[in-house]
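# Commentary on secondary and tertiary structure
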Amino acid sequence: MTRALVARFSNLLLVLGAVAVGVLVPGPSPYLDPLITPLVVFLVFTSLRGVRFAAIDYSSYAAVVALSLCLSYVVLPLGGIRLVEFAFADAAGTGAVLGFAIALSVPTTAGSAIIWTRLARGDVQLATVSSIASLLLAPAATPLVLTRLVGSRIAVPTASILTDLAVIVGGGALLTAAVPTDALSTDAVERGSTLAILLLIYTAVAGAGVVGIDAATLLAVVGVAGCLFGVGAALSACCQRAFGIERDRAFALFFTTNLKNLGIALLVSLPFADPLVTVSIIVYYVVQQTGGAALADAT
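Analysis parameters
Residues numbered from 1 in each chain as written. Predicted model: local features only at pLDDT ≥ 70, side-chain atom pairs only at ≥ 80, totals over all residues. Heavy atoms only, no water. 1 Å grid on protein atoms, 1.4 Å probe; cavity = no way out; pocket = protein on both sides within 12 Å on 5 of 7 lines; lining within 4 Å. Points joined across faces, edges and corners; volume = space filled by probe spheres on them. Helix = DSSP H or I, 4+ residues; strand = E, 2+ residues; numbered from the N terminus. Nonpolar A, V, L, I, M, F, W, Y, C, P; charged D, E, K, R; others polar. Patch = residues over 30% accessible without salt bridge, like charges linked within 9 Å, V, L, I, M, F, W, Y side chains within 5 Å. Areas by Shrake-Rupley, 256 points an atom, 1.4 Å probe, with all protein chains shown as cover. Salt bridge = Lys/Arg side-chain N within 4 Å of Asp/Glu carboxyl O. Buried < 20%, exposed > 50% of the residue type's maximum accessible area, 1.4 Å probe, protein only.

### Some details on the layout of surface pockets
When its volume is computed, the largest pocket comes out at roughly 690 Å³. Around the largest pocket sit 33 residues that line it, and I36, L262, G263, I264 and L266 are the ones nearest its centre. For the lining of the largest pocket, the leading source of residues is helix α13 (residues 262-269), giving 6 residues. When the residues that make up the lining of the largest pocket are grouped by side-chain class, the tally is 20 nonpolar, 11 polar and 2 charged.

### Digging into a nonpolar patch on the surface
A surface patch of nonpolar side chains, about 350 Å² in accessible area, is lined by V21, V23, L24 and V25. Along the chain, L24 turns up in helix α2 (residues 10-24).

### So, empty space enclosed by the protein
For the structure shown, the criterion picks out 1 cavity of 30 Å³ or more. Space inside the largest cavity adds up to approximately 40 Å³. Lining the largest cavity are A103, V106, K260, N261, L262, A265, I281, Y284, Y285 and Q288. At the level of elements, α13 and α14 (275-298) are the ones that each hand at least two residues to the lining of the largest cavity. With 4 residues, α14 is the largest single contributor of residues to the lining of the largest cavity.

### A few points about the pattern of salt bridges
Following the criterion strictly, the structure yields 2 salt bridges and no others. A salt bridge links R82 to E85; its shortest N-O distance comes to 3.7 Å. Taken together, the positions of R82 and E85, both in helix α5 (residues 58-87) and 3 residues apart, correspond to about one turn of that helix. Owing to a relative accessible area of 43%, R82 belongs among the partly exposed residues under this scheme. With relative accessibility at 33%, the residue E85 sits in the partly exposed group.

Now the structure itself:
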């Protein structure tokens, strides 16, 4: 029985293990920082590999993609920030509010959203199209959404975001074109993708400095992150029922709505010295990845 449960929830256990190692053994993290961009490029490559864009019926995807973008950039941020502001009403929670505002305003994380969609047996092509659309919209949408959430204009490094997007998406596309489809087995690709996600989680957690945050504040951040993920899940479920979305497309909608891009969020947070900003972003990311792994394992 125990072995069966471990096998079924292996991805969830791996994610939790990466989090634990990041907290307990943060030492090697600085050596892995230079690998973050290549890891994300690799995840984009594994997501694009095997997708036949010429065969995609974009007209059939248009409504769900638009719905995903609306939920991710409008409904979830505007509704979620109210919850965040309620939970952190005092001045000490200003950093957490800003961190969650940044996390809510960034695009979908293409790599893990598509990987978890694949593992949940969802519509991978739809997840890919939605993720790329979210990334392409980010330079315009992220500054607007973030400004709306925090109530004042913040200098968002749009040029840097564009550069990172060009490197990440362009690098993944180049690898897809250069590496023959039959050069790597499906098992090798899935294992490599999972390893890349775990390394990203470890590096993010190890570099967050959670040990220096007050325990009560950290617990509140974890609780709010969990509530936000629950709100996103409820939104996706309601839209599935309201619009009669098929099961495989519903998984793609769920992951592309709820899984946010850690790298871009951290980039936007660089001008702010408050460590609670970074910790809130990373905790929210870890909760998303944990929830994604649990859902993928449960299906």
